[in-house]
Amino acid sequence: MTKLLADLARLAAQNGAAAIATKVQAVRATKQHDEIVNELSEIINTLIDEKNQLLTIARGLEQSLVAQRITSEEVDYISATVLPTIKKVAASSDADNTAALKALEPLEPLLSAETITILQTLGFNFKAAIGEPLTELVRRLILSNVPSEDVGEQLQILAAQQNTAFLEVVRDPEAYARLVEERGGGSSSI
């Protein structure tokens, strides 16, 4: 959208009405009919090209703005199905998702048609403000219920840490004596 606005500003500055009037006056000053016709044709072709560029920019801006708007039907659908479904999934999982459920609570009043219409009129982008964080919330919820891929690696790290701790105990005579005593007295039980 920023690029489209920059292109629009460039085109507006490039050949405004004053610039075109200056070109036409310069062509008329030469007073050669063929040259005047050729220059005016070139000016007209330039204006047509710029008009087409402006239309392309306008369509791009329109598509960007339309992509940000949420219709009343979309709001009704979200209110009736999406939010309750996410709450249901969060509530039914094994993990403690109290924080996730609490994070969804403030969204409910924002999803009324009146609120969305007013806020969108003011330029609020619901898809970025609610859709993206909601996507991240659901992603985290799903990942919290999926076993980590590197569980084997974590077990190896824990085993290495245990071995290191055991070696430190063996090196310290007082700690070793306490360990032997806890394990039943004999060194063969360790």
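Residues numbered from 1 in each chain as written. Predicted model: local features only at pLDDT ≥ 70, side-chain atom pairs only at ≥ 80, totals over all residues. Heavy atoms only, no water.

Engineer: Explain the overall build of the protein chain to me, please; I cannot follow it from the model alone.
Structural biologist: Across its full length, the protein chain holds 10 helices and zero strands. When the helices and strands of the protein chain are read in sequence order from the N terminus, they spell out α-α-α-α-α-α-α-α-α-α. Taking as baseline every contact in the protein chain between residues at least 6 positions apart, the subset at least 24 positions apart corresponds to 57%. For the protein chain, the exposed area adds up to about 14000 Å²; of that, 58% sits on carbon and sulfur atoms. (Helix = DSSP H or I, 4+ residues; strand = E, 2+ residues; numbered from the N terminus. Contact = heavy atoms within 4.5 Å. Areas by Shrake-Rupley, 256 points an atom, 1.4 Å probe, with all protein chains shown as cover.)

Engineer: Any chance you could explain a nonpolar patch on the surface here in plain terms?
Structural biologist: A contiguous nonpolar surface patch, about 230 Å² in accessible area, is contributed by Leu5, Leu8 and Leu54. Assessed through its relative accessible area of 36%, Leu54 is described here as partly exposed. (Patch = residues over 30% accessible without salt bridge, like charges linked within 9 Å, V, L, I, M, F, W, Y side chains within 5 Å. Salt bridge = Lys/Arg side-chain N within 4 Å of Asp/Glu carboxyl O. Buried < 20%, exposed > 50% of the residue type's maximum accessible area, 1.4 Å probe, protein only.)

Engineer: What's the story with the environment of Gln53 in this structure? I'm lost.
Structural biologist: Within the secondary structure layout, Gln53 lies in helix H3 (residues 33–68). For Gln53, a relative accessible area of 35% corresponds to the partly exposed category. C-alpha of Gln53 to C-alpha of Asp7: the two residues are 46 residues apart in sequence and 8.8 Å apart in space.

Engineer: I'm lost on the pattern of salt bridges in this one. Help?
Structural biologist: A side chain with one charge can pair with a side chain of the opposite charge if their charged atoms come near. Counted under the stated rule, the structure contains two salt bridges. Between Arg139 and Glu136 there is a salt bridge whose closest N-O contact spans 2.8 Å. In this pair, Arg139 and Glu136 both sit in helix H8 (residues 126–144), three residues apart, roughly one turn of the helix. Here Arg139 falls in the partly exposed class, since its relative accessible area comes to 42%. In this structure, Glu136 engages Arg140 in a salt bridge whose closest nitrogen and oxygen atoms are separated by 3.1 Å. Here Glu136 and its partner Arg140 are both found in helix H8, four residues apart, which amounts to about one turn of the helix. For Glu136, a relative accessible area of 27% puts it in the partly exposed group.

Engineer: Looking at this structure, how should I read the confidence of the model for the protein chain?
Structural biologist: Regions with low pLDDT carry predicted coordinates that are not meant to be interpreted in detail. This prediction gives the protein chain a mean pLDDT of 76; 82% of its residues lie at or above 70. When pLDDT is averaged over each element of the protein chain, helix H10 (residues 173–182) comes out on top at 86 and helix H1 (residues 2–14) at the bottom at 70. (pLDDT = per-residue confidence, 0-100.)

Engineer: I keep staring at H10 and nothing clicks. Help me out?
Structural biologist: One turn of an α-helix holds 3.6 residues; hence residues three or four places apart share an orientation. Among the residues of H10, Ala175, Leu179 and Val180 are the ones counted as buried. The arc that holds every buried residue of H10, seen down its axis, measures 135 degrees, which confines them to one face. For H10, exposure combined with an orientation more than 90 degrees from the buried face picks out Pro173, Glu174 and Glu181. At the C-terminal side of H10, Gly184 shows a positive phi close to 115 degrees. (Arc of directions from axis to C-beta.)

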